Amino acid sequence: MSKSHLGHTARKRFGQNFLHDQFVINDIVDAINPQPGENLVEIGPGLAALTEPVADRAGHLTVVELDRDLVARLQQHPFLSPKLTIFCGDALKTDFRQFADAGKLRVFGNLPYNISTPLVFHLMAQLDIVSDMHFMLQKEVVERLAAEPGSKTYGRISVSVQQACRVEPVLMVPPGAFTPPPKVESAVVRLVPYDESPYPVKDRKALHQICLIAFNQRRKTIRNNLKQVMNDEQLEALGIDPGARPETLSVADFCRLADWYSTQQETHE
């Protein structure tokens, strides 16, 4: 198959890799399991590989697409256009609350790899309006999202996402399922925001902040990475060994650190 797919050339600057494998497409749509009346929002519909089967099952969905050429194609699509609400814009700058009038959102998409992590964080700030998310990501990003403490892949994004959502890797997708084939393996992950997190935290921003500082240099101890913020006694009072490496701390440990940190911020204001 040539680079051009149905007359549209994948654009490097948008990180476009189009899904064409029908078996994989069916598996992903089955995993999403869209139903009529649900408030579905697709990020980056591209050439509508997922959009068409989802629209068939649900009857209607909202799509957020940055590429104006693709927006024009969707607007002119004889079968699809009546089933779509099309929003032309950058998902990273989009306020998803504007789509929530019809109830909580079920968000999904084959995300361009260059924006996947920031986009997950962008949606994390709007979780009160999200019922679930299904994303195709680089396999290593899915591994990071689902990583357990003590593993090499466990880090800032593991802690932040696991505090807020149940993380379920759903299926692996080989490079050959895309045009052009990416150089990496892909995987689909399901993120389901908790009604009540098993790891309560006062302020998610403080959690993101403390994770950023704690994982700044993975090879250093938590004492070293957090020395600008707190001392050994304060760490020990929270039940944390100052000599431990950041990737050995649990999500609950980071939540205790974050709560301590936000209390400090309040007293200094």
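The chain is annotated in an unreviewed UniProt entry as Ribosomal RNA small subunit methyltransferase A from Pseudidiomarina salinarum. Under the Subcellular location (unreviewed entry) heading, UniProt states for the chain: "Cytoplasm".

Draft legend 1. Highlighting the overall build of the chain. Across its full length, the chain carries 10 helices and 11 strands. Over its C-alpha trace the chain gives a radius of gyration of 20 Å, about what one expects of a compact globule, namely 18 Å for 269 residues. Viewed in the frame of its principal axes, the chain has a C-alpha envelope of about 65 × 40 × 30 Å. Expressed as a percentage of its 269 residues, the buried residues of the chain come to 51%. Across the chain, every contact between residues at least 6 apart in sequence was considered, and the portion connecting residues at least 24 apart equals 67%. Of the side chains in the chain, 29 bear a positive and 32 a negative charge, and the two mean positions are spaced by 7 Å.

Draft legend 2. Spotlight on the UniProt feature "binding site: S-adenosyl-L-methionine" (unreviewed entry) in the chain. Those residues carrying the UniProt feature "binding site: S-adenosyl-L-methionine" (unreviewed entry) are N17, L19, G44, E65, D90 and N110 in this numbering. Set against the largest cavity, the annotated residues named above that line it are N110. By the secondary structure assignment, N17 is in the loop between β2 (8-9) and β3 (18-19). For N17, a relative accessible area of 21% translates into the label partly exposed. For D90, the location among the structural elements is in the loop between β6 (84-88) and β7 (105-110). Classification of D90 by relative accessible area gives partly exposed; the value is 21%.

Draft legend 3. Seen up close, the domain arrangement of the chain. Looking at the assigned domains, one finds that the chain contains domain 1 (4-193) and domain 2 (204-267). For domain 1 and domain 2, the distance between their C-alpha centroids amounts to 32 Å. Listed per partner, the contact involves 15 residues of domain 1 and 15 residues of domain 2. In total, about 1,200 Å² of surface goes out of reach between domain 1 and domain 2, with carbon and sulfur atoms giving 66% of it. Considering only the side of domain 1, the residues that lose the most area to domain 2 are Y154, R156 and Q163, jointly responsible for 43% of the buried surface there.

Draft legend 4. Focus on unusual backbone geometry. With an omega of -15°, the peptide bond running from T179 to P180 counts as cis. Notably, N33 is not glycine yet its phi reads approximately 55°, a positive angle. Counting through the fold element by element, N33 comes out in the loop between α1 (22-32) and β4 (39-43). A positive phi angle is found at A48, which is not glycine, with a value near 70°. Structurally, A48 can be placed in the loop between β4 and α2 (51-58).

Analysis parameters
- Residues numbered from 1 in each chain as written.
- Predicted model: local features only at pLDDT ≥ 70, side-chain atom pairs only at ≥ 80, totals over all residues.
- Heavy atoms only, no water.
- UniProt positions renumbered as here; feature names shortened; annotations may be inferred.
- Helix = DSSP H or I, 4+ residues; strand = E, 2+ residues; numbered from the N terminus.
- Rg over C-alpha atoms; globule rule 2.2 N^0.38 Å.
- Buried < 20%, exposed > 50% of the residue type's maximum accessible area, 1.4 Å probe, protein only.
- Contact = heavy atoms within 4.5 Å.
- Lys, Arg positive; Asp, Glu negative; His and termini not counted.
- Charge placed at Lys NZ, Arg CZ, Asp CG, Glu CD.
- 1 Å grid on protein atoms, 1.4 Å probe; cavity = no way out; pocket = protein on both sides within 12 Å on 5 of 7 lines; lining within 4 Å.
- Domains from an automatic or database assignment.
- Buried area = accessible area lost by both parts, 1.4 Å probe.

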